[in-house]
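Listed here are the chains, written in short residue letters.
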Amino acid sequence: MSRTSSEERSGWLFVLPFTISMALFFVYAIVRTAFYSFADYDLFKAPGFVGLSNYAALISDELFLIALRNTIGFSILVTTVQTVLALALAVLVNHAVRARGLVRTVFYLPSIMSSAAMTLIFLWLFQRDGFMTAIVSVVLAYRHHILLFFVGFTALQGVLVLNARRTYEGVSIFDPFFLLIAAIGALALVGACGLAGLLPVFDNHLRISWLNTQRHFLFMPVTLWSVALMNVFTTVPTLMLLFLAGLQSIPSALYDAAEIDGANAFQRFRHITVPALRPVTFAVVTMGIIGTLQMFDQVAILGDAAPLASRVTLAYYVYENAFPAGASSRIGMASAAALVLGILTIAVVYVQKSIGVRERGD
Amino acid sequence: MARVTAADASPSRRRLPAGALRRRQLAASAWLYLIFLAVAAIMAGAFVLAFMASLKVDPLERPFRFHFDQLNPAAWIAAARLGQEGADDALWGGLSPGAKVDFSVTYAAPAGTTIVEPRAEIPRRRPGSGVAAALMRYYAADYASIALKTSSSAMMQVRDETGILQAWQTRTFVYEITYRRDRQNGPRIERTPLNLTAPPSQTLVDSPISPSRAERRGRLLSWDNITPGALGLIFNNYRRVINETADLQTGKSLFGSWLVNSFVIAIGRLLLTLVVASLAGYALARLKFRGSRLLFAALLFSMTIPAQVTFVSNYLIFRDLSLLNTPWAVIVVVVASANVLLMKQFFEGFPREIEEAAIVDGANRFQVFWKIILPNARPALLVNAILAFQGAWNDFFWPLVLITSPPEALTVQVGLLSLRRSFGGAQGDWGLVLAGAFLSVVPVLILFALFQRHIVSTEFTKGIT
């Protein structure tokens, strides 16, 4: 027996379990889904071919259009925000050298928690008279304090910087030392005024419906904004660690050289950090897109805590049609919607990939 | 920090002296750490708050208190004493035959008003809600009696709203709760509730553990359990989530069986993943065979396709095999593409020479894999095992689809959904919901603590991408 044919045979034996699982639970499943999307099927009676009528029904189903809009809006919003925040946080942590070890441990916690447990915690935070409402309520109650702080802070900083500029050169508007003094001064000012009773405190008994509401804000239901906040909160730490690993692989000599050449902090970030992080960014954005387009768990756990139209996403729409509460399954519709979701995911990932490749070619 | 352009700098001005520059550097890093601290506080704060709330009697209370019995060592000690006196169990408390519990309360009132003895009773109160109430068989009211033992008077200084000190009188009543003599063969009772009714002119200023709630404008103070034991006081909600999510027929704890199910599924998935991923990863990395590129393409493709696209067919497969509602379905259904990819990457970095030597010596592929490759792949296998366990434990979608009944067959994640449905409304019992959420995290947390060094490594981050 020749060596190559034995290698061929053992190769096939080695991948056999994986191939079976892949063929049965993935390839066959996709083919069947495609088939059902052209059929009328309720899980019990034999499926009958109905042509494109499932797709026609989808387009005329208002809930599907809402789900599609919600999914796309949610995906764009969360992917953008989490990528930017994770990068910013990674740069920050990369500078805060002493805290790095602690960070790596603490910031892993959200990523190891299950989405179900995370969602329950956030549901509690977002109750009508829960903690989030309490925070907003405190901010509103002390709005004059906060306003005075910012006015005092800006004014003090302005005075300090202008004063220093009369004698010294090279004093930035954001001079960190003056910022610190201005912050302490403004705090003292607010404290003094508050103790003297000059600032009113507005009592309020706010109740905010974060979840159980039909309201919209910009392009998305308020409910999904709350879910988006939660999602960002959970994913940012993980993505931050990816960026951090990328940042640490950039040789610091590059920054030193740029500094000697007179590049400022922003220029260094723009021309060294961003290009060096491009592969990581690509991975982070791809993960973000895939993760957000198929967002399901959070919506399912919300359940009847929010109206269907304010929380429905494509993934949930598919499930809801396959196993509707108190009605027979609409497998045809579910399959058609599932295919739309799959194709959307592939298309977005592909487009993003080609953009990424082109940029890398520059 | 933006540099100043040449136009700004007039020759008459000086550069900042060295000391000032040093101050600026220090201030900059002070800001850095401040911002960092703020971010970390927000990140960790949400969890700390939620955990604190999960201990509270009412997690939705407003304003949110940071000082309450469950976080107060003095109350822990008192609760331990009460539990000891009630059932010889300082940790979990209770009321057993022969119990003799002293419970003292102190009321205060302005000088001139008389402090009357409050009316004390052990109410027939059903704890919690739903199933728990239906399962409750023994009531402390039937087995315990309460009597005033002693009372004593004293004075205390109270500062009124305008800040002037006033002398108030106080009276301390010591109640004795005993397990009734005529029922000495009775059962151990988990909870001893207590109601005290007193006129609104007098206020409660001291008691070993604070009342669970006040009703009728403070006239009626009620305690859910005055013999809690230390852990029974602190982790009351955690005990309740285990005990009160019970099956109506069998009385067995649902939450307990959810945990067991999740564990079985996670271990099963872990073993299956290790076998499938190490074999396939090795073959894809090392062996040349027809179709390997196609298989690899399918692997990458399957990682982008959401489970919602494939679940109808998979549901039908397990229905036809009558494997719905069994752990097998959830163990087998997931295609371990990410794990295979991780193993493939590991084996690609593995030196070829050792295997080549073994093959020259006449070992076949499988022997090489078993004797040489696997023992050296331990780090990758460990990372894979952790990822597989964690993924299976946290999985929500597949158990939701494949296991729907009976209630005790669910996994813990889907169980959390049913917890939320039963207890998580606007007026809901959020203590139970939050306690359930935190309990469900414990196994993964232990895993994380044990293998933290391996998880927080670049290999793991590679695995995620």
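Residues numbered from 1 in each chain as written. Chains lettered and ligands numbered in written order. Predicted model: local features only at pLDDT ≥ 70, side-chain atom pairs only at ≥ 80, totals over all residues. Heavy atoms only, no water.

**Student:** Is there a simple way to think about the overall build of chain B in this case?
**Tutor:** Looking only at helices and strands, one finds 19 helices and 9 strands in chain B. Here the C-alpha radius of gyration of chain B, 32 Å, is well above what a compact globule of 465 residues would show, namely 23 Å. Taking the principal axes of the C-alpha coordinates as reference, chain B spans close to 100 × 90 × 40 Å. Going through the 465 residues of chain B one by one, you find that 49% of them count as buried. Sequence separation of 24 or more characterises 71% of the internal contacts of chain B that already satisfy a separation of 6 or more. (Helix = DSSP H or I, 4+ residues; strand = E, 2+ residues; numbered from the N terminus. Rg over C-alpha atoms; globule rule 2.2 N^0.38 Å. Buried < 20%, exposed > 50% of the residue type's maximum accessible area, 1.4 Å probe, protein only. Contact = heavy atoms within 4.5 Å.)

**Student:** So what exactly am I meant to see when it comes to the pairing of strand 6 (residues 194–197) of chain B here?
**Tutor:** Successive side chains on a regular strand alternate, one facing one side of the sheet and the next facing the other. Residue and element names in this part refer to chain B. Of the two faces of strand 6, both are covered, the one formed by Leu194 and Leu196 as well as the one formed by Asn195 and Thr197. As paired strands, strand 3 (residues 119–121) and strand 6 are joined by 3 bridges and run antiparallel to one another. Within the sheet, the bridge partner assigned to arginine 119 lies in strand 6 and is threonine 197. Alignment of strand 6 against strand 9 (residues 220–223), held across 4 bridges, turns out to be antiparallel. The residue of strand 9 that forms the bridge with threonine 197 is leucine 220. (Pairing = 2+ DSSP bridges.)

**Student:** Got a minute to help me understand the pairing of strand 2 (residues 100–110) of chain B in this structure?
**Tutor:** Residues and elements named next belong to chain B. Both strand 2 and strand 5 (residues 165–179) contribute to a ladder of 11 bridges, which runs antiparallel. Within strand 5, the residue paired with alanine 109 across the bridge is glutamine 169. Across 3 bridges, strand 2 lies against strand 7 (residues 203–206) in antiparallel orientation. Considered in strand 7, the bridge of tyrosine 107 is made with leucine 204.

**Student:** Is there a simple way to explain the domain arrangement of chain B in this structure?
**Tutor:** A common measure of how large an interface is: the accessible area buried when the components associate. Each assigned domain of chain B is listed with its residue range as follows: domain 1 (69–234) and domain 2 (254–464). Distance between the C-alpha centres of domain 1 of chain B and domain 2 of chain B: 50 Å. (Domains from an automatic or database assignment.)

**Student:** Is there a simple way to think about the packing of aromatic side chains in this case?
**Tutor:** Taken as a whole, this structure holds 52 aromatic pairs over all chains when the rule is applied. Centroid distance A:Tyr36 to A:Tyr41: 4.8 Å. Interplanar angle 20°. Geometry classified as stacked. A:Tyr41 gets classed as buried once you look at its relative accessible area, which sits at 9%. A centroid spacing of 6.3 Å and a plane angle of 70° characterise the contact between B:Tyr107 and B:Phe173, whose relative ring orientation is edge-to-face. Pair noted here: B:Tyr107 is in strand 2 and B:Phe173 is in strand 5, with a separation of 66 residues, a long-range link. Owing to a relative accessible area of 2%, B:Tyr107 belongs among the buried residues under this scheme. Positioned above the aromatic ring of B:Tyr143 is the side chain of B:Arg183, whose terminal nitrogen or guanidinium carbon lies 5.3 Å from the ring centre. (Phe/Tyr/Trp six-rings, centres within 6.5 Å; stacked < 30°, edge-to-face > 60°. Lys NZ or Arg CZ within 6 Å of the ring centre and 35° of its normal.)

**Student:** In this structure, what is going on with the interface of chain B and chain A? I would like to understand it.
**Tutor:** Listed per partner, the contact involves 103 residues of chain B and 105 residues of chain A. Roughly 9800 Å² is buried in total at the junction of chain B and chain A, and carbon and sulfur atoms are behind 74% of that figure. Between B:Arg290 and A:Glu8 there is a salt bridge whose closest N-O contact spans 3.4 Å. Where chain B touches chain A, the interface holds 17 residue pairs in polar contact (both at pLDDT 80 or more). The greatest single-element share of the side of chain B that touches chain A, amounting to 18 residues, is contributed by helix 1 (residues 18–55) of chain B. In terms of residue class, the side of chain B that touches chain A is built from 74 nonpolar, 17 polar and 12 charged. Bridge count for strand 3 (residues 168–169) of chain A against strand 1 (residues 14–15) of chain B is 2 bridges, and the pairing is parallel. (Buried area = accessible area lost by both parts, 1.4 Å probe. Salt bridge = Lys/Arg side-chain N within 4 Å of Asp/Glu carboxyl O. Polar contact = N/O pair within 3.5 Å; in protein donor to acceptor, adjacent residues only side chain to side chain. Nonpolar A, V, L, I, M, F, W, Y, C, P; charged D, E, K, R; others polar.)

**Student:** Where do I start with the confidence of the model for chain B in this structure?
**Tutor:** As a general rule, the predicted coordinates of low-pLDDT regions are not to be interpreted in detail. All names here are of chain B. When pLDDT is averaged along chain B, the result is 87; 94% of the residues meet or exceed 70. Across residues 1–9, where pLDDT falls below 50, the model places 9 contacts with residues more than four positions away in sequence or in other chains. Contacts of residues 458–465 to residues separated by more than four positions or lying in other chains number 20 contacts, the stretch itself having pLDDT below 50. (pLDDT = per-residue confidence, 0-100.)

**Student:** What is the right way to read the packing of helix 3 (residues 62–95) of chain A against helix 1 of chain B from this model?
**Tutor:** Packed helices, taken two at a time, are described by the angle between their axes plus the distance between the axes. Contact geometry for helix 3 of chain A and helix 1 of chain B: axes closest at 10 Å, N-to-C directions at 125°. Judged by the angle between their axes, helix 3 of chain A and helix 1 of chain B are oblique. Along this stretch, helix 3 of chain A crosses helix 1 of chain B, giving a crossing that reads as left-handed. Note on element contacts: helix 1 of chain B touches helix 3 of chain A through B:Leu32, B:Ile35, B:Phe36 and B:Val39, opposite A:Leu89, A:Leu92, A:Val93 and A:His95. Tallied by class, residues from the contact of helix 3 of chain A with helix 1 of chain B come to 7 nonpolar, 1 polar and no charged. (Axes fitted to C-alpha atoms, helices over the stretch in contact; angles between N-to-C directions. Parallel < 35°, antiparallel > 145°, perpendicular 65-115°, else oblique. Left-handed = near helix turned anticlockwise from the far one by under 90°.)

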